[in-house]
Amino acid sequence: MRSVLIFMILFAVTGIGEVNAQDMQHQHDHKQETLKAGNIQSDYSLYHLDSEFITHRGEGVKLSEFSGEPVIVVMFYGNCTQVCPILIQDSWRLYSSLSETAKTTVNVLAVSFDTENDSPEVLAEYAKDEQLDISGWHFVTGKDADIRMLAMMLGVKYQKDSSGNFAHSNLISVLDAEGNVVKRVEGLNQPMDEAASVIETISQRSEQMN
Amino acid sequence: MKSYIIAVLFIVSGMSLTLHAFPTDTLTVHVLGTAEDARFEPSVIQVQPGEVIKFEVLAGLHTVTAYHPDNRRPQRIPDDAVPFDSGMLKAGDIWFLKPEVKGVYDYFCLPHERMGHAGRLLVGDVDTLPAYSDGRIPSTVIENLKRETQLILNQ
């Protein structure tokens, strides 16, 4: 009886050990791809950044032009064959979970930190391939220093490696009407309910103001 | 002694629950590769409605995502089928899919679609392939699916 008991306990413990080993391997793999987002000053408006960016439609734009409406910001790069397509999909999940009213007020800024490769023309093709060349969505590039400054204000970290790939934070930020970061969703495949609720509230306020 | 018996019963019932949490009668599709070599193996499989397919990731970061407007792609699954997206899967992850509706299901990997990383499920007895829209789907995807499907249908 005792030997049976010992065998079963060993079996159970070994099984649990395998699961834990797998989880640890996942965490290790994930760390190689991801930089944890940094802290930010949430009461400092991004609209203080006076730089001009260029959209995939070839239009110059300043962030302050989005004042008065909610904004979703995600940073990515077009050549990414790892997490960026999933990050864009997550942004799409957030956008598509919004009410029709909120969809008409929200803007989505997908900002590339690969200023070398992601020209407005390349981003235009990217937007078409991703079927995101739609109203309210802006794939954006700019000068290196301006992109770096924006990333710093969002708490997004990125670093180019020798193969031309970027290690980076996986972060989706929501800005309120004044350009303050009011919600951050870090990581992939995260639930978007809270972020959607925040956007709906901002959207309703924007509608009332207009 | 009584406490030993209770402990054994507790462990056995836990193991039983664990076993029932995972489908046992499944077909497996391996997901592997990290860039140009990213692929589903096999890329085309034939199953019956209600059968469970296990996607097991052996290397890299991948998704199993239906070609469907919900995922910003042309619809290439049957009209009544539920669109799916696994979300990010890492090496060691397992994801299950149970297609209930007869027809052809095309799916892709979000990070590696442009490299032709896509797959097809033939659910039920598929006689003819539907005239799905290609949209802006990379030509490598379409060509791979055609070629692999033909091999299955010729068997």
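Residues numbered from 1 in each chain as written. Chains lettered and ligands numbered in written order. Predicted model: local features only at pLDDT ≥ 70, side-chain atom pairs only at ≥ 80, totals over all residues.

Asker: Please set out the overall build of chain A residue by residue, giving values where relevant.
Answerer: Secondary structure summary: chain A contains six helices and nine strands in total. The proportion of buried residues among the 210 residues of chain A is 39%. In chain A, once contacts between residues fewer than 6 apart in sequence are set aside, the share between residues at least 24 apart is 71%. (Helix = DSSP H or I, 4+ residues; strand = E, 2+ residues; numbered from the N terminus. Buried ≥ 20, exposed ≤ 12 C-beta atoms within 10 Å, placed from the backbone. Contact = placed C-beta atoms within 7 Å.)

Asker: A description of the overall build of chain B should follow, citing residues and the corresponding values.
Answerer: Across its full length, chain B holds two helices and eight strands. For chain B, the succession of helices and strands along the chain, N to C, is α-β-β-β-β-β-β-β-β-α. Residues classed as buried in chain B amount to 31% of the 155 residues present. A fraction of 67% describes how many contacts in chain B between residues 6 or more apart in sequence connect residues 24 or more apart.

Asker: Tell me about the sheet that holds strand 2 (residues 39-41) of chain B, and name the residues and values.
Answerer: Residues and elements named next belong to chain B. One open sheet holds the four strands; their spatial order is 2-1-4-6, and the pairing between them is mixed. Each edge of the sheet is formed by a strand with only one pairing partner; in this case those strands are strand 2 and strand 6 (94-97). Taking each pair of neighbouring strands and ignoring which way they run, the sheet shows an average axis angle of 25 degrees. (Pairing = 2+ DSSP bridges. Axes fitted to C-alpha atoms, helices over the stretch in contact; angles between N-to-C directions.)

Asker: Explain helix 5 (residues 144-154) of chain A residue by residue, including any values.
Answerer: Residues and elements named next belong to chain A. When we look at burial in helix 5, the residues that qualify are Ile147, Leu150, Ala151, Met153 and Leu154. Down the axis of helix 5, the buried side of the element spans an arc of 165 degrees, and every buried residue falls inside it. For helix 5, the exposed residues lying more than 90 degrees away from the buried face are Asp144 and Ala145. Looking at the buried side of helix 5, the elements it contacts are strand 3 (71-76), strand 4 (107-112), strand 6 (158-160), strand 8 (171-175) and strand 9 (181-186). Count one or two residues on from helix 5 and you reach Gly155, which has phi positive near 85 degrees. (Arc of directions from axis to C-beta.)

Asker: I'd love a proper account of the sheet that holds strand 3 of chain A, names of residues and values included.
Answerer: For sheets, the rule is that strands pair by backbone hydrogen bonds, running either parallel or antiparallel. All names here are of chain A. In spatial order, the strands read 2-1-5-4-3-8-9; together these seven strands make up an open sheet with mixed pairing. With one partner strand each, in any of the chains shown, strand 2 (60-62) and strand 9 form the two edges of the open sheet. Here the average twist between neighbouring strands, direction ignored, is 30 degrees. Sheet topology note: the strand 4/strand 5 (residues 137-141) ladder contains four bridges and is parallel. Looking across to strand 5, one finds that Ala110 is bridged to Phe139. Packed on one face of the sheet, helix 2 (residues 84-96) meets strand 3, strand 4 and strand 8 and runs near 170 degrees to strand 3. Across the sheet, helix 6 (residues 193-209) touches strand 8 and strand 9, and the angle it forms with strand 9 is around 160 degrees.

Asker: Can you lay out the nonpolar core for me, pointing to particular residues and giving the numbers?
Answerer: The biggest cluster of nonpolar side chains holds 81 residues, and the ones touching the most others in it are Ile72, Val74, Ala110 and Leu154 of chain A. In terms of residue count, the dominant contributor to this core is helix 2 of chain A (seven residues). (Core = buried A, V, L, I, M, F, W, Y, C linked by C-beta atoms within 7 Å.)

Asker: If you had to explain the confidence of the model for chain B to someone new, which residues and values would you point to?
Answerer: Residue and element names in this part refer to chain B. For chain B, per-residue confidence averages 87 on the pLDDT scale, and residues scoring 70 or more make up 84% of the total. Confidence, read as mean pLDDT per element, is least for helix 1 (residues 2-21) in chain B (52) and greatest for strand 5 (residues 65-66) (98). Low pLDDT, under 50, characterises residues 12-21; the stretch is placed with one contact to residues that sit more than four places away or in other chains. Prediction confidence for the complex, expressed as pTM and ipTM, is 0.81 and 0.77 respectively. (pLDDT = per-residue confidence, 0-100.)

Asker: Summarise helix 2 (residues 139-154) of chain B; cite the residues concerned and give the values.
Answerer: All names here are of chain B. For helix 2, built from 16 residues, the straight-helix expectation of 22 Å at 1.5 Å per residue is met to within 8% by its first-to-last C-alpha distance of 23 Å. All of the buried residues along helix 2 are Val141, Asn144 and Leu145. Seen from one end, helix 2 has its buried residues packed into an arc of 95 degrees, which puts them on one side. More than 90 degrees from the buried face of helix 2, the exposed residues found are Ser139, Glu143, Arg147, Gln150, Leu151 and Asn154. On its buried side, helix 2 packs onto strand 3 (44-47), strand 7 (103-108) and strand 8 (118-123). (Expected span 1.5 Å × (residues − 1).)

Asker: Residues and numbers for the confidence of the model for chain A, please.
Answerer: Mean pLDDT over chain A works out to 86, with 84% of the residues at or above the 70 mark. Throughout residues 6-32 of chain A the model reports pLDDT below 50, and contacts reaching past four residues in sequence, or to other chains, amount to 12 contacts.

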